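Here's the letter readout for the chains.
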Amino acid sequence: MKSAIYTIADIGQAHDGSIEAAHIYIDSLATTGVDAAKFQIHIADAESSAFDSFRIPSVRHETRMDYWKRMEFTHDEWAGLKMHCERTGLDFLATPCSLQAVDLLKNLQVDKFKIGSGDTCNLLMLDVISRTKKEIILSTGMSSIKELDVACNFLKNRDTRFSLLQCASAYPCCEEQWGLNQIKNLKSRYDVPTGFSDHSGDIFASLAAASVGAEIIEFHVTDSTASVTPDASSSLTPCQIKYLISGIRKIEKAINNPVNKSGHSDYIQMKLLFEKSLSVNKTLSAGHILSIDDLETKKPKGKGIPPEQFENVIGKKINKNLKKWDFITETDLV
């Protein structure tokens, strides 16, 4: 992984079946600082059937099968997209949506596979991928803990390297559905890298995930949140992604540089400037017994008795006249 927090921009079906649009998305993402551009490999006949229905109403007069066919690219087109990613410094990542799509990705010699939560329990697919000895990133959105136990044990028994992404299969996903607590829960239960797959349509969920230990963060991308593509309202624009990545890297740096509060050597000069000394708030004559009503604290530190010692001053007699705002020193007290 390129960074401590690995970031994935999921293009998904945002290209709407246009290979030209898919390449444009790669160029757009190359300027954002994201680690990987992710696609979904659809081979309609292998993936779907006449019984497949739309998650949201289609704006076109087409069947779900027609839609998946429109999302298909040829092997050579996928190879071109992979080369384009590599040429621009992005990892090429893809979700296979059928076993034929797994074969296509195997032929492309990908480094890792991303599995959507709809296939978390697809042990046949997991078995086929595990035989490649490639890493798997597994989304958990629609899976129960019982189902995850089965999938994770299945992969561990095959010595497959994998990671888990907490996500909610809601588009867009509201705050109550983020499930940030599951990032650490999954890591503790399965002892694998864990992260977050975001469908919120804003940068805040991913930033929050970074701050609570996500090692991988995935989010959808769109050229316009007003687009008619299925995940547009749950996606980020390249401009938002650039801002998000900047925030993730700052959080990453902060996490990797814990602050030690046991000492204050870094702030000696600042303490001299901003901390204070005890002074009197009125003119007082020699022999006056100091009370709390006589005291003020004034900058800088070191000109008088420290304010934290004020209780040692109260009830003490001064041995000389003090003008209003004079600092109180030990030599002023009897």
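Residues numbered from 1 in each chain as written. Predicted model: local features only at pLDDT ≥ 70, side-chain atom pairs only at ≥ 80, totals over all residues. Heavy atoms only, no water.

Per an unreviewed UniProt entry, the recorded name for the chain is N-acetylneuraminate synthase, and the organism is Dyadobacter luteus.

### Some words on the layout of surface pockets
Operational definition: A cavity here means a set of 1 Å grid points, computed over protein atoms only, where a 1.4 Å probe fits but cannot escape. A pocket is an open set with protein on both sides within 12 Å along at least 5 of 7 lines, and lining residues have an atom within 4 Å of a point. Grid points are joined across faces, edges and corners, and a volume is the space filled by probe spheres set on the points. Residue polarity follows a fixed list, in which Ala, Val, Leu, Ile, Met, Phe, Trp, Tyr, Cys and Pro are nonpolar, Asp, Glu, Lys and Arg are charged, and the others, Gly among them, are polar.
Counted as a void, the second largest pocket has a volume near 190 Å³. In terms of lining residues, the second largest pocket is bounded by V259, N260, K261, G263, H264, S265, D266 and Y267. Here the residues of the lining of the second largest pocket are counted per class, giving 2 nonpolar, 4 polar and 2 charged.

### Considering the pattern of salt bridges
Using the following cut-off: The rule for a salt bridge is simple: a side-chain nitrogen of Lys or Arg has to be within 4 Å of a carboxyl oxygen of Asp or Glu. The numbering of helices and of strands both runs from the N terminus, where a helix is a DSSP run of H or I of at least 4 residues and a strand a run of E of at least 2. In this scheme, a residue with accessible area under 20% of its type's maximum is buried, one over 50% is exposed, and one in between is partly exposed, where area comes from a 1.4 Å probe on protein chains only.
A complete count under the given rule lists 19 salt bridges for this structure. Two residues, R158 and D127, come together in a salt bridge whose shortest N-O distance is 3.1 Å. You can see R158 sitting in the loop between α7 (145–156) and β6 (162–166) and its partner D127 sitting in helix α6 (residues 123–130), a full 31 residues away along the chain. Here E275 makes a salt bridge to K301, at a shortest N to O gap of 3.4 Å. You can see E275 sitting in the loop between α11 (268–274) and β10 (277–280) and its partner K301 sitting in the loop between β11 (295–298) and α12 (310–313), a full 26 residues away along the chain. Relative accessible area serves as the criterion here: at 30%, K301 is assigned to the partly exposed category.

### A word on the nonpolar core
Defined as follows: To qualify as a nonpolar core, a set must consist of buried Ala, Val, Leu, Ile, Met, Phe, Trp, Tyr and Cys residues joined through side-chain atoms within 4.5 Å. Residues count as neighbours in contact if any of their non-hydrogen atoms are within 4.5 Å of one another.
Counting 65 residues, the largest nonpolar core has L29, F39, W78, L81, F92 and F219 as its most contacted members. Among all residues touching L81, those that are not within four sequence positions of it are I19, A22, H23, I26, F39, F73 and F92. The next biggest cluster of nonpolar side chains, apart from the first, holds 11 residues, and it includes L284, L295, L322 and I328.

### Describing a nonpolar patch on the surface
Rule in force here: For patch building, the residue pool is restricted to those with more than 30% relative accessible area and no salt bridge; the joining distance is 9 Å between like charges and 5 Å between nonpolar side chains (Val, Leu, Ile, Met, Phe, Trp, Tyr). Methods summary: accessible areas were calculated by the Shrake-Rupley approach with a probe of 1.4 Å, and residue burial reflects only the protein chains presented.
Judged by side-chain polarity, Y267, M270, L273 and F274 come together as a nonpolar surface patch covering roughly 470 Å² of accessible area. Its place among the elements puts L273 in helix α11. We classify L273 as exposed; its relative accessible area is 55%.

### So, the UniProt feature "domain: AFP-like" (unreviewed entry) in the chain
This is how the line gets drawn: UniProt positions are given in the numbering used here, feature names are shortened, and annotations may be inferred rather than shown by experiment.
Per the UniProt record, "domain: AFP-like" (unreviewed entry) is annotated on residues 277–334. The span residues 277–334 is 7% helix and 14% strand, and its two end C-alpha atoms sit 19 Å from each other.

### Considerations on the state of the cysteines
What counts is decided by this rule: Here, a disulfide means two cysteine sulfur atoms that sit within 2.5 Å of each other.
For the structure on display, the rule yields 0 disulfides. The closest cysteine sulfur to the non-disulfide-bonded C85 is located on C97, 17 Å from its own sulfur.

### Description of the packing of aromatic side chains
Here is the rule we go by: The aromatic pairing rule takes the rings of Phe, Tyr and Trp, using the six-membered ring of Trp, and pairs them if the centres are within 6.5 Å, calling planes under 30 degrees apart stacked, those over 60 edge-to-face and the rest tilted.
Under the defined criterion, the tally for this structure stands at 5 aromatic pairs. Aromatic pair W78 and F92: ring centres 6.4 Å apart, planes at 65 degrees, arrangement edge-to-face. Of this pair, W78 sits in helix α4 (residues 75–87) while F92 is found in strand β3 (residues 91–96), placing the two residues 14 residues apart along the sequence.

### Section: unusual backbone geometry
In this structure, P300 follows K299 across a cis peptide bond, with omega equal to 5 degrees. Within the secondary structure layout, P300 lies in the loop between β11 and α12. Not every positive phi belongs to a glycine, and K133 is a case in point at roughly 65 degrees. Locating K133 in the fold gives a position in the loop between α6 and β5 (135–139). Not every positive phi belongs to a glycine, and W325 is a case in point at roughly 80 degrees.

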